[in-house]
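Single-letter residue listing:
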Amino acid sequence: MAIIVAIALAGWFAVSCGADRPGAERPVSEEEAALLAGMRHRNAGADPVALRMSLPVDGEQVTVDAYLDWRAPMLYARVPDGEGHRLVQAIPGLVASHADDELAFGDVTVPEGDWTTRQMLSGAATPLDTAFDILASSLFTLTADTADDPAVLAEKATWREEGVIDGEPVDSFRAPIMVEAEGQTGPTPEALYSLDEQGDLRRFQVNTGAESLSAADFLREAKFDATELVPIDVLGGPAIDPVPVDEDLAGTLAQVRAENWSQTAEVELAVPGEDGGVATAFGSVDWRTMTAYLHVTDAAGQRLLLARPGGFAVREADSDELPEVPPTEGWETHALTDEDASESFGSVETLAYRLLEMSAEEADDEAAILEQGTLLRVDGNDEEPVYVVEYPVAGDADAAAGESAYRYHVGGDRLREVEMMTYFGVASAEVDYEDFAMVAIPWEVGEKIG
């Protein structure tokens, strides 16, 4: 529904408004309605596919090569950018960009680091960004857990013409982008679908507000190794397949916070921000004294951050290093009860506090975790598996499987990483257990923040 609203706001409702509508349309037959009805379900089980996108922008046709992973879903593209190109990954709602790497893209590998993120559509800076976002958003609607209702398509779809794409005979249809959307009101955006005799989609066309339609051709004969075709970490990492946790995993999760009660750890944070950049932080968390001590770098510069249950303190950093002993002066302190605390409390602080909350004097309720916990995927290997899970911590609100605000990576019965969903992508805090002395917080600061 959110995708339909976004496309509608972009300025169109139906392909029938396009300039290339032929006059030979007719209602679809029962066989054609059934073929269309199975398309999205067929895509859901298909392997990743290569694409060639054609986008009309400012009177010119812009060609974009891409790969689409139906399951994630994720689009990995190499997009023209002025005189050169840039690499782009897109998932529903978010787009990440990276400097061009033609070799990596050709090998279907994804460079690490230096990705910037933006919101899809609302964060578009150019007409090409907008056209790309609309087409990408529409592509993400092309999978479904079950087949669509042929009766609905028999009513709403029309046959347009025969053709040949990549040597394969196809029939082209005009049909809704999404057959049914709960709560949907008003007109439904439409697209053109060109299907071969097996029901595989060969071409998909939508109106992105230009004088001609944008198109994605599915290069189904192109073979490539999709092993490394996964979203980058800031877009959520590999695909998830939510299932309930079993008794053994629930027992392990129930002990995670209790095991941290007397532990210390080094931590590294990466937090996407509004400016498209990623704030980074490194330092420590001491669950014995409930203290997080971090060096933070973001668009505003560098700062030191101290956090305890009662509040937090920030100070301009004097270097790229985290002082072993915090400076005694220059701190700006905020009790969490202060009226102005929220003005200085951002995503970095939120994630730091979630790290502090990953400690408890007693084990969590194993029965509650068994009932509410979800295993999203298993990383690592058979000898050292890392379980990516969701379960309620510290009074978290209920959420559907795969939609919690926080995810936890647990390996070797210990917390390895905390992920936090933000408006601009997935923030992460990696945990590496180390023994170290208590941080000597200045007395005046400790008195204020607890």
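So, how was this worked out
Residues numbered from 1 in each chain as written. Predicted model: local features only at pLDDT ≥ 70, side-chain atom pairs only at ≥ 80, totals over all residues. Heavy atoms only, no water. Helix = DSSP H or I, 4+ residues; strand = E, 2+ residues; numbered from the N terminus. Buried < 20%, exposed > 50% of the residue type's maximum accessible area, 1.4 Å probe, protein only. Contact = heavy atoms within 4.5 Å. Salt bridge = Lys/Arg side-chain N within 4 Å of Asp/Glu carboxyl O. pLDDT = per-residue confidence, 0-100. Phe/Tyr/Trp six-rings, centres within 6.5 Å; stacked < 30°, edge-to-face > 60°. Lys NZ or Arg CZ within 6 Å of the ring centre and 35° of its normal. Polar contact = N/O pair within 3.5 Å; in protein donor to acceptor, adjacent residues only side chain to side chain. Patch = residues over 30% accessible without salt bridge, like charges linked within 9 Å, V, L, I, M, F, W, Y side chains within 5 Å. Areas by Shrake-Rupley, 256 points an atom, 1.4 Å probe, with all protein chains shown as cover. Lys, Arg positive; Asp, Glu negative; His and termini not counted. Charge placed at Lys NZ, Arg CZ, Asp CG, Glu CD.

### Some remarks on the environment of Val-88
Mapping Val-88 onto the fold places it in strand S5 (residues 84-91). We classify Val-88 as buried; its relative accessible area is 1%. When residues no more than four places from it in sequence are discounted, the contact partners of Val-88 are Leu-75, Tyr-76, Ala-77, Val-79, Val-95, Ala-96, Ser-97, Trp-115 and Phe-132.

### Focus on the pattern of salt bridges
For the structure on display, the rule yields 26 salt bridges. Two residues, Arg-174 and Glu-25, come together in a salt bridge whose shortest N-O distance is 2.8 Å. On the criterion of sequence distance, the pair formed by Arg-174 in strand S9 (residues 168-176) and Glu-25 in the loop between helix H1 (2-9) and strand S1 (26-27) is long-range, its members being 149 residues apart. With a closest N to O distance of 2.8 Å, Asp-65 and Arg-52 form a salt bridge. Of the two residues, Asp-65 sits in strand S3 (residues 60-69) while Arg-52 sits in strand S2 (residues 49-57), which places them 13 residues apart along the sequence. Overlapping salt bridges bring together Asp-81, Arg-86, Arg-118, Asp-129 and Asp-133 as one network.

### Some points on the environment of Val-245
Tracing the sequence through the fold places Val-245 in the loop between strand S13 (243-244) and helix H7 (247-260). Using a relative accessible area of 5% as the deciding quantity, one classes Val-245 as buried. Sequence separation between Val-245 and Thr-333 is 88 residues, and the spatial gap between their C-alpha atoms is 41 Å. The residues contacting Val-245, other than those within four sequence positions of it, are Ala-250, Leu-253, Ile-369, Leu-370, Gly-373, Thr-374 and Leu-375.

### Quick look at the confidence of the model for the chain
Chain-level pLDDT for the chain is 91 on average; 93% of the residues reach the 70-or-more range. Low confidence marks residues 9-14, where pLDDT is under 50. Its contacts with residues over four positions away, or in another chain, come to 15 contacts.

### Some details on the packing of aromatic side chains
For the structure on display, the rule yields 10 aromatic pairs. Plain terms: the ring middles of Tyr-193 and Phe-204 are 5.4 Å apart, the flat faces sit at 55° to each other, and that makes the pair tilted. Separated by 11 residues along the polypeptide, Tyr-193 in strand S10 (residues 190-196) and Phe-204 in strand S11 (residues 201-206) bring together distant segments of the chain. According to the relative accessible area criterion, Tyr-193 is buried, its value standing at 2%. Members of the aromatic cluster, each reached through a chain of ring pairs, are Tyr-67, Tyr-76, Phe-105 and Phe-224. Over the face of the ring belonging to Tyr-406 we find Arg-354, whose NZ or CZ atom lies 3.9 Å from the ring centre. Across from the ring centre of Tyr-433, 4.1 Å away, lies the NZ or CZ of Arg-414, which sits over that ring.

### Re unusual backbone geometry
Looking along the chain, the bond that leaves Ala-72 and enters Pro-73 is cis, with omega of -15°. Tracing the chain through its elements places Pro-73 in the loop between S3 and strand S4 (74-81). Positive phi, normally seen in glycine, also occurs at Asp-114, with a value near 60°. In this fold, Asp-114 is placed in the loop between helix H4 (102-106) and strand S7 (116-119). A residue is classified by how much of its surface remains accessible, and Asp-114, at 72% relative accessible area, is exposed. Phi at Leu-121 is positive, roughly 70°, even though this residue is not glycine. With respect to the secondary-structure elements, Leu-121 resides in the loop between S7 and helix H5 (127-139).

### Some words on the side chain of Arg-407
Tracing the backbone shows Arg-407 in strand S22 (residues 406-411). Here Arg-407 falls in the buried class, since its relative accessible area comes to 9%. A distance of 3.5 Å separates a polar side-chain atom of Arg-407 from the backbone oxygen of Gly-402. Ignoring any residue separated from it by four or fewer positions in sequence, one finds Arg-407 in contact with Gly-236, Ile-240, Leu-376, Val-389, Glu-390, Gly-402, Glu-417, Val-418, Glu-419 and Met-421.

### Some points on a negative patch on the surface
A cluster of acidic side chains, namely Glu-112, Asp-233, Glu-266, Glu-268, Glu-430, Asp-432, Glu-434 and Asp-435, defines a negative patch on the protein surface. If you list the elements that add at least two residues to the negative patch, you get strand S14 (264-272) and strand S24 (425-433). Take Asp-435: it is sitting in the loop between S24 and helix H10 (443-449). A relative accessible area of 71% places Asp-435 in the exposed class.

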